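Close look at the chain arrangement
As a plain string of letters, each chain reads:
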Amino acid sequence: RIGVRTTDDQPHWREIAMHVAVWSIAAEAVMPHFATHATGDWRDVIAYAVGAVGAGCWWQAGIA
């Protein structure tokens, strides 16, 4: 609707990976420098990736 994506298809793996990379850097590398209560943890990045793979498999199977 807002024109960010050219299609309304399920996200492709490249798009999913881009979101995991951007949000991992934002949440685990950048945010701890701006919020005193935030802590960067590489294990969170693994959790993001596992969730992204699960969601990607769900989308690619056409279930969602």
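Just so we're clear, the structure is a prediction, and the values are computed from it rather than from any experiment.

The rules behind each value
- Per chain, the residues get numbers from 1 upward, laid out in the order the sequence is written.
- Side-chain atom pairs in this predicted model are given and counted only at pLDDT of 80 or more, local residue features only at pLDDT of at least 70, and totals for whole chains, interfaces and linings cover all residues.
- Hydrogens are left out, water is left out, and the side-chain values use all remaining heavy atoms of the structure.
- A run of DSSP states H or I qualifies as a helix once it reaches four residues; a run of E qualifies as a strand once it reaches two. Both are numbered from the N-terminal end.
- Throughout this description, a polar contact denotes any pair of N or O atoms lying within 3.5 Å of each other; where both atoms belong to protein, one of them has to be capable of donating a hydrogen while the other can accept it, and for residues adjacent in sequence the pair is counted only when both atoms sit in side chains.
- Exposure is judged per residue with a 1.4 Å probe applied to protein chains only, and the accessible area is read against the type maximum: over 50% gives exposed, under 20% gives buried, and values in between give partly exposed.
- Working convention for charge: Lys and Arg count positive, Asp and Glu count negative, and His plus the chain ends are omitted.
- Each salt bridge in this description consists of a side-chain nitrogen of Lys or Arg and a carboxyl oxygen of Asp or Glu lying within 4 Å of one another.
- When checking whether two residues touch, look at their non-hydrogen atoms; a contact exists if any pair is within 4.5 Å.
- Any helix carries an expected span of 1.5 Å times its number of residues minus one.
- A residue's bend is the angle separating two fitted axes: one through the seven residues that end there, the other through the seven that start there.
- Residues enter patches when their relative accessible area tops 30% and they take part in no salt bridge; the joining distance is 9 Å for like charges and 5 Å for the nonpolar side chains Val, Leu, Ile, Met, Phe, Trp and Tyr.
- Only the protein chains shown count as covering a residue, and every accessible area follows the Shrake-Rupley method with a 1.4 Å probe.

Glancing now at the side chain of Ser24. Assignment of secondary structure puts Ser24 in helix 1 (residues 13–34). A polar contact is formed between the side chain of Ser24 and the backbone oxygen of Val20, at a distance of 2.6 Å.

With respect to the helices and strands, Glu28 occurs in helix 1. Buried charged residue Glu28 carries no salt bridge. Nearest counter-charge: Arg43, at 9.1 Å. Side-chain polar atoms of Glu28 contact the backbone nitrogen of Asp41, separated by 2.8 Å. Dropping the residues within four chain positions of it, Glu28 is found in contact with Trp23, Thr39, Gly40, Asp41, Asp44, Val45 and Tyr48.

On to helix 1, then. The end-to-end C-alpha distance of helix 1, which contains 22 residues, comes to 31 Å, matching closely the 32 Å that a straight helix rising 1.5 Å per residue would cover. When the local axis directions of helix 1 are compared, the greatest deviation, roughly 30 degrees, occurs at Ala26. For helix 1, the complete set of buried residues consists of Ile16, Val20, Ser24 and Glu28. Where helix 1 is buried, its residues meet helix 2 (42–60).

Moving on, we come to the pattern of salt bridges. Overall, the coordinates contain 2 salt bridges when judged by the stated rule. In this structure, the salt-bridge partner of Arg5 is Glu15, at a minimum N-O distance of 3.0 Å. Within this pair, whereas Arg5 is found in the segment before helix 1, its partner Glu15 is found in helix 1, the two being separated by 10 residues in sequence.

Attention shifts here to the environment of Ala49. Mapped onto the elements, Ala49 comes out in helix 2. Considered as a pair, Ala49 and Gln60 are 11 residues apart in the sequence and their alpha carbons are 16 Å apart.

Next up on the list: a nonpolar patch on the surface. Taken together, the side chains of Ile25, Val30, Met31 and Phe34 define a hydrophobic patch exposed on the protein surface, amounting to about 410 Å² of accessible area. Along the chain, the position of Ile25 falls in helix 1.

The values are spatial; any link to function lies outside them.
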